[in-house]
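Below are the chains, spelled out letter by letter.
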Amino acid sequence: MASSYCTYVAGGSANPLHGEYHDREYGFAVESDDVLFERLILEVNQAGLSWETILKRREGFREAYDQFAVSKIANYGDGDIERLLSDSAIIRNRLKVLAAIHNAQVVQELQNEFGSFKAWLDSLPSMDLSEWVRLFRSKFKFTGPEIVREFLVSTGYLPGAHDEDCPIYAVALASKPRWSAP
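First things first, this report covers the structure right here in the doc.

Procedures and definitions
Residues numbered from 1 in each chain as written. Predicted model: local features only at pLDDT ≥ 70, side-chain atom pairs only at ≥ 80, totals over all residues. Heavy atoms only, no water. Phe/Tyr/Trp six-rings, centres within 6.5 Å; stacked < 30°, edge-to-face > 60°. Helix = DSSP H or I, 4+ residues; strand = E, 2+ residues; numbered from the N terminus. Buried < 20%, exposed > 50% of the residue type's maximum accessible area, 1.4 Å probe, protein only.

**Quick notes on the packing of aromatic side chains**
The description of an aromatic ring pair rests on the distance of the ring centres and on the angle between the ring planes. Under the defined criterion, the tally for this structure stands at 14 aromatic pairs. Aromatic side chains tyrosine 21 and tryptophan 51 sit 5.4 Å apart centroid to centroid with 55 degrees between the ring planes, which places their arrangement in the tilted category. Here tyrosine 21 is found in helix 1 (residues 16-24), whereas its partner tryptophan 51 is found in helix 3 (residues 51-56), with 30 residues between them in sequence. Among the residues examined, tyrosine 21 registers a relative accessible area of 2% and is labelled buried. Ring centres 5.0 Å apart and planes at 35 degrees place the aromatic pair phenylalanine 136 and phenylalanine 140 in the tilted group. In terms of burial, phenylalanine 136 and phenylalanine 140 fall into one category: buried. Connected via pairs of aromatic rings, a cluster forms that spans Phe117, Trp120, Trp132, Phe136, Phe140, Phe151 and Tyr157.

As structure tokens, this is what we get:
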């Protein structure tokens, strides 16, 4: 665990949920489609809530959403929707649940066309945030500017996860996030 933290956890470094996420995931390149999709689901569910709330419920999300397996979630039906809406371990918001299923179906289409969600993301040209937001809104549900920004920053597609003097900055950079590529 790092001895000091950047803006992401400023004032909250004593919180082990934030510290663990900051030190091992936030801003690191992600290879797995299921992990990328997990981040998207978590960001969608964070809308209107604190990130701490989402981190506290993360295991509940993993269990409720079949370990974020895109292929399973894309096939959820009415019974799954009702199961999710009655699961107190997650955020029980119908629009967010429906967005997760729709977004899994979109990711599945991208996997079929590009080989993986990651390959689709990697195939895109460098863009500013407004272009990313337009693209995500044209494909996915419940993806406003803050959700898109945090998804892209947390998965290494946009810079900004760590201050340059943060001890984790170099570790995240070594994971070869897209924004650091020459």
